[in-house]
Amino acid sequence: MPKRTGLSHAVAAVVVVIVGPVLSRLIELLITTRDIEAAMESLGSIISSHPFVPLSTDYTTTAVYLAVVGTLAFIWGYAYHVRRHS
C-alpha cells in the first residue's frame, strides 16, 4: 500500500504543478480580484445599512470576507470527510 500511495502523491504533485498555473491564469482572465473586492464591498455595505447591524462598512466587509472563507473551508472539510469516510 505505501508504494501506491507514494506514487499517487507524486502524480498529484506533478499534476498540480502543471495544471495549477494554467487554471490560475484562466481564473484571472475570467474573474479579476477587483471584481471580487467590489462584490465583497457592496455586500458589506448592504449588510451594514441594515438597522440592526451596529458595525461600520469596513468591519462588515471584513466580516463578510471571513464568513466566505469560513464557509468555503467548512464545505471543503465536510466534502473531504464524506469522501474519506464513505
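Here's what I pulled together on the structure shown here. In this numbering scheme, every chain counts its residues from 1 along its sequence in written order. For this predicted model, a pLDDT threshold of at least 70 governs which residues receive local features, and a threshold of 80 or more governs which side-chain atom pairs are given and counted, while totals over whole chains, interfaces and linings are taken from all residues. Side-chain descriptors were evaluated using all non-hydrogen atoms of the structure, hydrogens and water having been removed beforehand.

1. With respect to the overall build of the chain
At step 1: Along the chain, the regular secondary structure elements total three helices and zero strands.
At step 2: Computed over its C-alpha atoms, the radius of gyration of the chain comes to 19 Å, more than 25% above the 12 Å expected for a compact globule of 86 residues.
At step 3: For the chain, the spread of C-alpha atoms along the principal axes amounts to about 60 × 35 × 15 Å.
At step 4: Only the protein chains shown count as cover for residues, and the accessible areas themselves come from Shrake-Rupley with a 1.4 Å probe. When the accessible area of the chain is evaluated, it comes to approximately 7500 Å², of which 73% is carbon and sulfur surface.
At step 5: Charge counting follows a simple rule: Lys and Arg are positive, Asp and Glu are negative, and His as well as the terminal groups are ignored. Taken as the charge centre is NZ of Lys, CZ of Arg, CG of Asp or CD of Glu, depending on the residue. In the chain, which carries 6 positive and 5 negative side-chain charges, the distance between the mean positions of the two groups comes to 28 Å. A run of H or I in DSSP becomes a helix once it reaches four residues, and a run of E becomes a strand once it reaches two; helices and strands are each numbered from the N terminus. Atoms counted for the radius of gyration: C-alpha only. Globule rule: 2.2 Å times the number of residues to the power 0.38.

2. Points about the packing of aromatic side chains
At step 1: Aromatic rings from Phe, Tyr and Trp, taking only the six-membered ring of Trp, are treated as a pair when their centres fall within 6.5 Å; an angle between ring planes under 30 degrees marks them as stacked, one over 60 as edge-to-face, and anything in between as tilted. In total, this model carries one aromatic pair according to the counting rule given.
At step 2: Seen from their ring centres, F74 and Y78 are 6.3 Å apart, and the 15° between their planes marks the pair as stacked. Here the residue F74 and the residue Y78 both occupy positions in helix α3 (residues 57–85), the gap between them amounting to four residues, near one helical turn. As far as the burial class goes, F74 and Y78 line up, both exposed. Buried, partly exposed and exposed residues are distinguished by accessible area as a fraction of the type maximum, computed with a 1.4 Å probe on protein chains only: under 20%, between the cut-offs, and over 50%, respectively.

3. Description of the pattern of salt bridges
At step 1: The salt bridge criterion pairs a side-chain nitrogen of Lys or Arg with a carboxyl oxygen of Asp or Glu, the two atoms within 4 Å. Per the stated rule, a full pass over the model turns up two salt bridges.
At step 2: Between E28 and R25 there is a salt bridge; the shortest N-O distance is 3.4 Å. Pair noted here: E28 and R25 are both in helix α1 (residues 2–30), with a separation of three residues, about one helical turn.
At step 3: Of the charged contacts, one joins E37 and R34 as a salt bridge, the two residues approaching to 3.6 Å between their closest N and O atoms. Taken together, the positions of E37 and R34, both in helix α2 (residues 33–48) and three residues apart, correspond to about one turn of that helix.
At step 4: On the accessibility criterion, R34 (47% relative accessible area) is partly exposed.

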